[in-house]
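Next come the chains, spelled out residue by residue.
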Amino acid sequence: MIKKVSIPKYPDGNYTNEDAVDGNAEFLVVSDGAGGGGVYADKWAQYLVGNLPAMPITTFEELDAWVDGIWEEFYYKYEQEAKSVGGLLLEKFYDEGSFAILAALWHGKPDLCQWMTYGDSVVFHYNKRTKELQHSFGKLVDFNLPPYLINYNEPLKQGGFRCGRFEVDKDSIVFITSDALAHYVIMMYEVSKRDVFCKELEEAVNAHSKNSNAVNMALSLEPFDFGKKVVEKLIRCVNNKRNFRHHTEELKSKGLLMEDDYSMVFSKDTYLSSY
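Residues numbered from 1 in each chain as written. Predicted model: local features only at pLDDT ≥ 70, side-chain atom pairs only at ≥ 80, totals over all residues. Heavy atoms only, no water.

1. Structural notes on the pairing of strand E7 (residues 132–135)
In this structure, strand E6 (residues 122–127) lies alongside E7, joined through 4 bridges in antiparallel fashion. The residue bridging His 125 from the neighbouring strand is Gln 134, located in E7. Counting the residues in the hairpin turn of E6 and E7 gives 4 residues, including Lys 131, whose phi is positive at 60°. (Pairing = 2+ DSSP bridges. Helix = DSSP H or I, 4+ residues; strand = E, 2+ residues; numbered from the N terminus.)

Spelled out as structure tokens, the structure:
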């Protein structure tokens, strides 16, 4: 069974959730539509998720070819919609396009997962036995940088592409989250092992960003069990938007989580039988 959840930044019903999330026995995927520019970010994210290839994307050239092979259908459909509205929306459609981030994981052999990302949504592998977290991102401070974005009218950039593999076993949990939630997960893991990640945490604090404030709050916490406090709590909320909203609101109130749309997907039965 796949469990997934996606909630908008504001729960009043007047705000569009620009994230898209899906998964099945073959793959997990999150796309974070970026609405800071362009138009139809939510539709573009949904389109990317809905057209994810069945086989893993393992090179930048494969990602580029995939986007090049699917964008026209989206473009012509929403060009007509933009024309019916006209004005600034049509102008932005032509000039700026649509922006989204993509993170995907494919279940390969029973002991292997293949992942790729373009942007700052993150693929995770947590092992309950070893208590080790692996992820697709770089350093914690890199969340302060503008993310790479997939756009139908701009070429992709080699530097935005990441790919890799996770070796998994019966104690593995694999999941994907959008960026704000990913920052929280990585931050909490590093704080739980602050002797190992002291330099990276110091760098994140010294960046003096909004994310730095969250890192400072996390560093003020008493010692905690990362698996129980972070991973298990998140997983128990997935598939229940009310509980997920309550949990993320609590994390925001504690200064540990930045305000954003929040999305998460994980595979419950493939590697995880106890939750």
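2. Section: the pairing of strand E3 (residues 27–33)
Among the 7 residues in E3, 7 count as buried, and that is most of the element. Along E3, one buried face is formed by Phe 27, Val 29, Ser 31 and Gly 33 and the opposite face, lined by Leu 28, Val 30 and Asp 32, is buried too. With 5 bridges connecting them, strand E2 (residues 19–23) and E3 associate as antiparallel partners. Within E3, the residue paired with Asp 19 across the bridge is Asp 32. With antiparallel pairing between neighbouring strands as the criterion, E2 and E3 make up a hairpin whose turn holds 3 residues. (Buried < 20%, exposed > 50% of the residue type's maximum accessible area, 1.4 Å probe, protein only.)

3. Remarks on the sheet that holds E7
Pairing in this open sheet of 5 strands is antiparallel, and the strands run E1-E11-E10-E6-E7 from one edge to the other. The sheet is open, and its two borders are formed by strand E1 (2–7) and E7, each paired with just one other strand. Adjacent strand axes in the sheet meet at a mean angle of 15°, parallel and antiparallel pairs treated alike. Strand direction decides the pairing type here: E6 and strand E10 (residues 172–177), joined by 6 bridges, are antiparallel. Bridge assignment links His 125 to a residue of E10, and that residue is Val 174. Strands E6, E7, E10 and strand E11 (262–267) of the sheet are contacted by helix H4 (residues 179–192), whose axis makes an angle of about 35° with E6. (Axes fitted to C-alpha atoms, helices over the stretch in contact; angles between N-to-C directions. Contact = heavy atoms within 4.5 Å.)

4. A look at helix H6 (residues 210–219)
When H6 is considered as a whole, its buried residues turn out to be Asn 211, Ser 212, Ala 214, Val 215 and Ala 218. For H6, the angular spread of buried residues about the axis comes to 160°, placing them on one side. If you follow the buried residues of H6, they end up packed against H4 and helix H5 (198–206). The distance from a side-chain oxygen at the start of H6 to the backbone nitrogen of Asn 211 is 3.3 Å, and the residue carrying that oxygen is Ser 209. (Arc of directions from axis to C-beta. Polar contact = N/O pair within 3.5 Å; in protein donor to acceptor, adjacent residues only side chain to side chain.)

5. Some points on the nonpolar core
Grouped together as the largest cluster of nonpolar side chains are 42 residues, with contacts concentrated most on Phe 175, Tyr 184, Val 185, Met 187, Phe 226, Phe 244 and Met 264. Broken down by element, this core gets its largest block of residues, 10 residues, from H4. Setting aside residues up to four positions removed in sequence, Met 264 forms contacts with Lys 3, Lys 4, Val 5, Val 21, Phe 175, Ile 176, Thr 177, Leu 181, Leu 234, Ile 235, Val 238 and Phe 244. (Core = buried A, V, L, I, M, F, W, Y, C linked by side-chain atoms within 4.5 Å.)

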